[in-house]
Amino acid sequence: MFLKAYRKGKSGVNKYIAVYVLKNYRTNKDGSPVHTKLGLAVNAKLGKACKRSRVKRIIREAYRMNLSNIADGYIIVIAARAAIFSKNVKSTDVEKQLGVTLSKLGVLK
């Protein structure tokens, strides 16, 4: 499912992350769209396990802060870029960049 978002979805890139978005046409039994699914990709070449875990926490927090604005029915894959591994990167920085990128991709409500 996430591989399909990589291949066929729309993409947006900023300083810290690359975002891939694909519309999920599956529906619940009542006909409403399914909740948006999130996938994270952090390359092992960019850092050891401790750094990769920190980056995943930062990205999850940025996603959580934008969650109320994100429409249902999407598959979103967020891939970390090398700049996010800097020690002075905060989740608020990534949150702003993620919001801008998601709005460009048309995912926000």
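Conventions adopted
Residues numbered from 1 in each chain as written. Predicted model: local features only at pLDDT ≥ 70, side-chain atom pairs only at ≥ 80, totals over all residues. Heavy atoms only, no water. Patch = residues over 30% accessible without salt bridge, like charges linked within 9 Å, V, L, I, M, F, W, Y side chains within 5 Å. Areas by Shrake-Rupley, 256 points an atom, 1.4 Å probe, with all protein chains shown as cover. Salt bridge = Lys/Arg side-chain N within 4 Å of Asp/Glu carboxyl O. Lys, Arg positive; Asp, Glu negative; His and termini not counted. Charge placed at Lys NZ, Arg CZ, Asp CG, Glu CD. Helix = DSSP H or I, 4+ residues; strand = E, 2+ residues; numbered from the N terminus. Buried < 20%, exposed > 50% of the residue type's maximum accessible area, 1.4 Å probe, protein only. Pairing = 2+ DSSP bridges. Contact = heavy atoms within 4.5 Å. Core = buried A, V, L, I, M, F, W, Y, C linked by side-chain atoms within 4.5 Å. Axes fitted to C-alpha atoms, helices over the stretch in contact; angles between N-to-C directions.

Student: Just to check I follow, could you spell out a positive patch on the surface for this structure?
Tutor: Taken together, the side chains of Lys4, Arg7, Lys8, Arg26 and Lys37 present a region of like positive charge at the surface. In terms of residue count, the dominant contributor to the positive patch is helix α1 (residues 2–8) (three residues). Summarising the element assignment, Arg26 is placed in the loop between β2 (17–23) and β3 (37–41). A relative accessible area of 59% means that Arg26 is categorised as exposed.

Student: Please explain the pairing of strand β1 (residues 10–13) as it appears in this structure.
Tutor: Remark: a regular strand shows side chains that alternate across the two faces of the sheet. Sheet analysis places β1 next to β2, joined by four bridges and oriented antiparallel. Across the sheet, the residue bridging to Val13 is Ala18, located in β2. Between β1 and β2, which pair antiparallel and follow one another directly, the connecting turn spans three residues.

Student: Could you clarify how one ought to interpret the pattern of salt bridges in this entry?
Tutor: The final tally for this structure, using the stated rule, is one salt bridge. Among the ionic pairs, Arg64 bridges to Glu61, the shortest N-O distance being 2.7 Å. Placement of both Arg64 and Glu61 in helix α2 (residues 49–66) is noted, with a separation of three residues, approximately one turn of the helix. Judged by its relative accessible area of 49%, Arg64 is partly exposed.

Student: Even after reading the chapter, I still don't get the environment of Lys23, so can you show me in this structure?
Tutor: In this structure, Lys23 sits in strand β2. On the basis of relative accessible area, Lys23 is assigned to the partly exposed category, the value being 35%. As a C-alpha pair, Lys23 and Asp72 span 49 residues in sequence and 9.3 Å in three-dimensional space. Setting aside chain neighbours within four positions, we find Lys23 in contact with Asp72, Gly73 and Tyr74.

Student: Mind showing me how you'd approach the nonpolar core here?
Tutor: Most often, soluble globular proteins have nonpolar side chains that are buried together. Core analysis: the largest hydrophobic core is formed by 23 residues, its most contacted members being Ile17, Ile76 and Ile84. Those elements giving two or more residues to this core turn out to be β2, α2, β4 (74–80) and α3 (91–105).

Student: Can you help me understand the sheet that holds β1 in this one?
Tutor: Sheet strands associate in pairs through backbone hydrogen bonding, adopting either a parallel or an antiparallel arrangement. Strand order in the open sheet formed by four strands is β1-β2-β4-β3, and the pairing between neighbours is mixed. Looking along the sheet, the strands with just one partner apiece sit at the ends: β1 and β3. Averaged over all adjacent pairs, the angle separating strand axes in this sheet is 15°, with direction ignored. Against the sheet, α3 engages β1, β2 and β4, with an angle of about 35° to β2.

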